[in-house]
Amino acid sequence: MMPNSWKWKLILLVGLILLSFYMLVPTFFGFAEKKEEAINNMTPLPWYFSIFPDKGINLGLDLRGGTYLEFEIDTSAAIVNQLDAMISDIERFWEKNKISGGKASQDTAKHRIIITGLTNDGASETIRHIRTSLDRMLKRVDASNTYELTFEPTDDFKKNLHSMIAKQSLEKVRNRIDRYGVAEPSIQRVGSNRIAVELPGIKDPDRAIGIIKQAGQLEFKIVNESIPEAKLVQMVADARKSGTLPENYSAETVAAINQSVKSELPADTEIAFELQQDPVTKKVVGATPYLLNRKAEVTGQSLKNAQVNVHDNEPYVSLTFDRYGAELFGEATKNNVGKRMAIMLDGNVMKAPQIREPILGGQAQITLGYGNFSDMQKEAEDLVLILQEGALPARMIEATKTVVGPSLGADSIRSGVIATLIGGTIIALFMIIYYKGSGLIANMALALNLLFILSALALLQATLTLPGIAGMAFTLGMAVDANIIIYERIREEIRDGKTPKGAIESGYSNAMRTIIDSNVTTLMAGIVLYQFGTGPIRGFAITLIIGLAISMYTACICTRMVYDYFVTKRKISSISI
């Protein structure tokens, strides 16, 4: 008569097997492909889809195909913006305390605030204000110069700003990708200044990359008309020749141009470009330079809403500011009637219309030029997505890009499965030849191990990668190792003259400590790999951790149940081992 504990173990085992098959039905019967096909064809899903789980095992980038990206976070622009905010704080302090004559500007190359024109009393009060309000953010440079106050960010401020920007960038990128609709993306920090993004199965990678890396920094700046456009064009051309700069309009090139002509420009101004694109290819074919006041009148931080509208069959983006933004925008347009205001996105001028009258309603719009309506609509929708999710706190520089084709992913799956089957077959043959009937029991435990690992991946919605398949093969080896330790212990007990029941009990009892020690040390290594690894390494760690936990159950409990059955129910007199 079998004990009740054995019966409960059998019920648990049968339940786990049935649950495993239930969890794996969507994976092996292609539910994801059928669901995508039904959505595309606008046909109803079969009735049985509602019975089974929505998703099966997620395939990683190397198995499914897709794009792997690494972006480097450039915090220099963020420091400039923070110093501008501090300058505004200082100017408000002067206005509130009626301190006149002072002028605060920023040296953007050295990231310094330079204050001139103050009396001795005004300078003393300003220093006192900075020490009180901005003490942990700014430190004074060259305190002996009483005619010019110079401040720069403290090391702690820059370190904290960098950490905050990295966290914010990670969250913004995650939100944008979620809004874009990529299934099962992987977004994580790599080191201190990089973000790694995996987009499996994506069909339009270039569009997704554009959405991720576009900063979405919206600014409204007043156009400075003190230098004619023809002279600006000549200054830019001369700067390119003298600095051997490339014929493009990247952020680096524009910054180099501004640095080259800085001495010829009015104080606190900069050159920016309105790019001219081919309506079909979208390639930049030219650009119009503008001289702008460096400090923005209004930024995207005051944006309340952005939406796509259509006028005369031309999509455009309508902007609505919050109350504070509407006040700033109204004040800027009221004080600059007759001048032009540049609408800028990520450092490029989108449009520079003339201010004919004060705009007090807190609304503006961005037109996207001319071209195919569908492409313009898509461009407007992407811009709205970026603006609604908010600007990235820093510029993202594409550092690494790897594209894996679907056919390569299918080949990887085929190769991984074949390798695992070959390895499993060799192990199974060895166990049967060397351990006979007990080897057959170990092979059954191996099959259960593989089944439970796959179902656990489906249940936890973990991602299976090519190294993950390697992890599964490694786990099968660990599971066999546990059985070999047990079987060798049982052989020793039989040689010492013990009965089958006594040999089995002593063999499992004596082997357990060794098995636990080896599995725990490997488990710790898996946890470290998962915690500090990225992408494929994490995939290996996940299957390793899951497989080790399951192998303890199949190797130590499931095989023992079979032996207990033969010893107690069948009353065997010898063990085939």
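Residues numbered from 1 in each chain as written. Predicted model: local features only at pLDDT ≥ 70, side-chain atom pairs only at ≥ 80, totals over all residues. Heavy atoms only, no water.

## Looking at helix α1 (residues 4-28)
1) Next: Here α1 spans 36 Å end to end across 25 residues, near enough to the 36 Å set by a 1.5 Å rise per residue.
2) Next: Those residues of α1 that sit buried are Trp-6, Leu-13, Ser-20, Met-23, Leu-24, Val-25 and Pro-26.
3) Next: Where α1 ends, the next residue or the one after it, Gly-30, has phi of about 65°, a positive value. (Helix = DSSP H or I, 4+ residues; strand = E, 2+ residues; numbered from the N terminus. Expected span 1.5 Å × (residues − 1). Buried < 20%, exposed > 50% of the residue type's maximum accessible area, 1.4 Å probe, protein only.)

## Overview of the domain arrangement of the protein chain
1) Next: Domain boundaries in the protein chain define domain 1 (4-22 + 406-570), domain 2 (75-156) and domain 3 (215-391).
2) Next: Using C-alpha coordinates to define each centre, domain 2 is positioned 28 Å away from domain 3.
3) Next: Facing 11 residues of domain 2, the contacting portion of domain 3 comprises 6 residues.
4) Next: Here domain 2 meets domain 3 over a buried area of about 600 Å², counting both sides, of which 32% is carbon and sulfur.
5) Next: Applying the counting rule to domain 2 against domain 3 returns 3 salt bridges.
6) Next: Of the charged contacts in the structure, one is a salt bridge between Arg-294 and Asp-84, with a shortest N-O distance of 2.7 Å.
7) Next: Inspection of the region where domain 2 meets domain 3 yields 3 residue pairs in polar contact (both at pLDDT 80 or more).
8) Next: For the side of domain 2 that touches domain 3, the elements supplying multiple residues, two or more each, are α4 (76-96) and β3 (103-107).
9) Next: With 5 residues, α4 is the largest single contributor of residues to the side of domain 2 that touches domain 3.
10) Next: Here the side of domain 2 that touches domain 3 is composed, by residue class, of 3 nonpolar, 5 polar and 3 charged. (Domains from an automatic or database assignment. Contact = heavy atoms within 4.5 Å. Buried area = accessible area lost by both parts, 1.4 Å probe. Salt bridge = Lys/Arg side-chain N within 4 Å of Asp/Glu carboxyl O. Polar contact = N/O pair within 3.5 Å; in protein donor to acceptor, adjacent residues only side chain to side chain. Nonpolar A, V, L, I, M, F, W, Y, C, P; charged D, E, K, R; others polar.)

## Looking at the environment of Ser-100
1) Next: If you trace the backbone, Ser-100 turns up in the loop between α4 and β3.
2) Next: For Ser-100, a relative accessible area of 60% translates into the label exposed.
3) Next: Spatially, the C-alpha atom of Ser-100 lies 80 Å from that of Ile-515, the residues being 415 residues apart in sequence.
4) Next: Those residues in contact with Ser-100 that sit more than four places away from it in its chain are Gly-117 and Leu-118.

## As for the nonpolar core
1) Next: In terms of nonpolar packing, the biggest core is built from 41 residues, with Trp-94, Ile-115, Leu-138, Val-173, Val-197, Leu-199 and Ile-212 touching the most fellow members.
2) Next: Breaking this core down by element, the ones donating at least two residues are β2 (66-74), α4, β4 (112-116), α5 (120-133), β6 (148-153), α6 (155-180), β8 (194-200) and α7 (205-213).
3) Next: A total of 8 residues in this core trace back to one element, the largest contributor, which is α4.
4) Next: Not counting the four nearest positions on each side in its chain, Ile-212 is found in contact with Leu-69, Phe-71, Val-173, Arg-176, Ile-177, Val-197, Leu-199 and Leu-392. (Core = buried A, V, L, I, M, F, W, Y, C linked by side-chain atoms within 4.5 Å.)

## So, the sheet that holds strand β15 (residues 341-345)
Working definition: the strands of a sheet are paired by backbone hydrogen bonds and lie parallel or antiparallel to each other.
1) Next: Here 4 strands make up an open sheet; going across it, the order is β12-β9-β15-β16 and the pairing antiparallel. Edge positions in the sheet fall to β12 (298-299) and β16 (348-351), since each has one partner strand and no second.
2) Next: With 5 bridges connecting them, strand β9 (residues 218-222) and β15 associate as antiparallel partners. Within β15, the residue paired with Phe-220 across the bridge is Ile-343. (Pairing = 2+ DSSP bridges.)

## A few points about the sheet that holds strand β17 (residues 363-367)
1) Next: Across the sheet, which stays open at both edges, the 3 strands sit in the order β13-β14-β17 with antiparallel pairing between neighbours. Strands with a single pairing partner mark the edges of an open sheet, and in this sheet they are β13 (303-311) and β17. Within the sheet, the average angular offset between the axes of one strand and its neighbour, ignoring direction, is 25°.
2) Next: Sheet analysis places β13 next to strand β14 (residues 314-321), joined by 8 bridges and oriented antiparallel. The partner of His-311 across the bridge, within β14, is Glu-314. (Axes fitted to C-alpha atoms, helices over the stretch in contact; angles between N-to-C directions.)

## Remarks on the packing of α4 against α5
1) Next: Axis separation between α4 and α5 bottoms out at 11 Å; the angle between their running directions is 130°. Relative to α5, α4 is oriented oblique. Considering only the axes of α4 and α5, their crossing is right-handed. Contacts between α4 and α5 involve Asp-89, Ile-90, Phe-93 and Trp-94 from the first element and Glu-125, Thr-126, His-129 and Ile-130 from the second. (Parallel < 35°, antiparallel > 145°, perpendicular 65-115°, else oblique. Left-handed = near helix turned anticlockwise from the far one by under 90°.)

## Topic: the packing of aromatic side chains
Centre-to-centre distance and the angle between the planes together describe a pair of aromatic rings.
1) Next: Scanning the entire structure with this criterion turns up 19 aromatic pairs.
2) Next: With a centroid separation of 6.3 Å and an interplanar angle of 85°, the aromatic rings of Tyr-487 and Tyr-563 are classed as edge-to-face. One end of the pair, Tyr-487, is in helix α13 (residues 466-495); the other, Tyr-563, is in helix α15 (residues 536-568), and 76 residues separate them in sequence.
3) Next: With relative accessibility at 3%, the residue Tyr-563 sits in the buried group.
4) Next: With centroids separated by 5.5 Å and ring planes inclined at 75°, the aromatic side chains of Tyr-565 and Phe-566 adopt a geometry described as edge-to-face.
5) Next: Members of the aromatic cluster, each reached through a chain of ring pairs, are Tyr-22, Phe-31, Trp-47, Tyr-48, Phe-49 and Phe-52.
6) Next: In this structure, Arg-240 is placed above the aromatic ring of Tyr-249, and the distance from its NZ or CZ to the ring centre is 4.9 Å. (Phe/Tyr/Trp six-rings, centres within 6.5 Å; stacked < 30°, edge-to-face > 60°. Lys NZ or Arg CZ within 6 Å of the ring centre and 35° of its normal.)

## Side note on helix α14 (residues 500-532)
1) Next: Helix length check: α14, at 33 residues, gives a terminal C-alpha distance of 47 Å against a target of 48 Å (1.5 Å per residue), a fit within 8%.
2) Next: Along α14, the sharpest change in direction is near 35° and occurs at Met-512.
3) Next: Within α14 the residues assigned to the buried category are Pro-500, Gly-502, Ala-503, Ile-504, Ser-506, Gly-507, Tyr-508, Ala-511, Ile-515, Asn-519, Thr-522 and Gly-526.
4) Next: For α14, the elements touching its buried residues are α13 and α15. (Bend = angle between axes of the 7 residues up to and from the residue.)

## Details of the pairing of β14
1) Next: Among the 8 residues that make up β14, 6 are buried, leaving the element largely enclosed by the rest of the structure.
2) Next: Counting the residues between successive antiparallel strands, the hairpin from β13 to β14 contains 2 residues, one of them, Asp-312, with a positive phi of roughly 55°.
3) Next: Pairing of β14 with β17 involves 5 bridges; the strand directions are antiparallel. Looking across to β17, one finds that Ser-318 is bridged to Gln-365.

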